[in-house]
Amino acid sequence: MGFLKTQADASRVPFNEGGSLANVETITADKTLTVEDSGKCFNIGTDALTITLPATSKGVVYLFRNVGADGNNIITISPDSVDAIFGTVQNAAADSVASGVVDKDIVNTKATANKGDYIILEGDGADGWYITGGVGIWASEA
């Protein structure tokens, strides 16, 4: 899957000729994203961070990747208060299913976290964010 960047006029363009992700940012503190961050891969190697998503916008895509040691990082991704996260991350042990409840986080659980776990979220512009890919155990907030 190639990653596209959403431009200010809502058009989507590939990051490079192959349409692959070319924009990687390391997060070391809590962060609130903007629509302009669309298409970025966020590497997270620091424990107990919260990444806050903007209000859903159609076609906005983010990839979050755990680059910390196994069992070291809890990563929390928090939608806007009126948005939900929907979908499933398939796993060999047990699938992680997002509840689709408004204002509930999705979390890469610390005890089961592995270096390389990731999740891809895409905004639909109406109800929230859809999981379009991922690896690892991601728990939906109760």
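If you're wondering where the values come from, they're calculated on a predicted model, not measured in any experiment. (Residues numbered from 1 in each chain as written. Predicted model: local features only at pLDDT ≥ 70, side-chain atom pairs only at ≥ 80, totals over all residues. Heavy atoms only, no water.)

### Focus: the overall build of the chain
To keep it simple, the criterion reads: In this description a helix means any DSSP run of H or I spanning at least four residues, a strand means any run of E spanning at least two, and both kinds are numbered starting from the N terminus. Each residue's exposure class comes from its accessible area (1.4 Å probe, protein chains only) as a fraction of the maximum for that residue type: buried when under 20%, exposed when over 50%, partly exposed otherwise. Contact criterion: two residues are considered in contact whenever any of their non-hydrogen atoms come within 4.5 Å of each other. Using a 1.4 Å probe, accessible areas were evaluated by the Shrake-Rupley method; residue-level cover was limited to the displayed protein chains.
A count of helices and strands for the chain gives 0 helices and 14 strands. Ordered by position in the sequence, the α and β elements of the chain form the string β-β-β-β-β-β-β-β-β-β-β-β-β-β. Counting only residues that meet the buried cut, the chain has 39% of its 142 residues in that class. Long-range contacts, defined here as pairs at least 24 residues apart, represent 57% of the contacts in the chain between residues at least 6 apart. Of the roughly 6,600 Å² of accessible surface on the chain, a fraction of 51% belongs to carbon and sulfur atoms.

### So, the pattern of salt bridges
Oppositely charged side chains can pair when the atoms bearing their charge come close. Rules: Salt bridges, as used here, are contacts in which a Lys or Arg side-chain nitrogen is within 4 Å of a carboxyl oxygen on Asp or Glu.
Scanning all chains against the criterion turns up 4 salt bridges. Salt-bridge contacts for glutamate 25 lead to lysine 31; the nearest nitrogen and oxygen are separated by 3.0 Å. Linked through salt bridges whose partners overlap, the residues forming this network are Glu25, Lys31, Asp37 and Lys40.

### Observations regarding the environment of lysine 104
Relative to the helices and strands, lysine 104 resides in the loop between β10 (96-99) and β11 (106-108). Sequence-wise, lysine 104 and isoleucine 77 are 27 residues apart; in three dimensions their C-alpha atoms are separated by 9.0 Å. Discounting residues that sit within four places of it in the chain, lysine 104 has contacts with Pro79, Ile85, Ser99, Glu141 and Ala142.

### Structural notes on unusual backbone geometry
Residue alanine 48 is not a glycine yet carries a positive backbone phi of 65°. Residue placement: alanine 48 occurs in the loop between β5 (41-44) and β6 (49-52). A positive phi angle, near 65°, is found at aspartate 103, a position not held by glycine. Residue position: aspartate 103 is located in the loop between β10 and β11.

### Considerations on the sheet that holds strand β14 (residues 138-140)
Strand pairing in a sheet is mediated by backbone hydrogen bonds. Such pairs are either parallel or antiparallel. Put simply, the rule is: Note: two strands are recorded as paired if DSSP finds a minimum of 2 bridges between them.
The strand order β4-β6-β8-β11-β14 describes an open sheet built from 5 strands, whose pairing is mixed. For this open sheet the edge positions go to β4 (31-32) and β14, each flanked by a neighbour on one side alone. Relative to strand β8 (residues 75-78), β6 is paired through 4 bridges, and the arrangement is parallel. Each residue of the ladder has a partner; that of threonine 52, found in β8, is serine 78.

### A closer look at the sheet that holds β5
Counted only if it meets this: To obtain an axis, a line is fitted to C-alpha atoms, over the contacting stretch when the element is a helix, and the angle between two such axes runs from 0 to 180 degrees between their N-to-C directions.
Reading across the sheet, the 7 strands line up as β3-β5-β7-β12-β13-β9-β10 and stay open at both edges, with mixed pairing between neighbours. The two strands at the open ends of the sheet, each matched to only one other strand, are β3 (24-27) and β10. The mean inter-strand angle of the sheet, taken between neighbouring strand axes irrespective of direction, is 20°. By the bridge criterion, 4 bridges tie β5 to strand β7 (residues 61-66) in an arrangement that is parallel. By the bridge assignment for β7, phenylalanine 42 is matched with phenylalanine 64.

Purely geometric stuff here, so don't read any function into it on its own.
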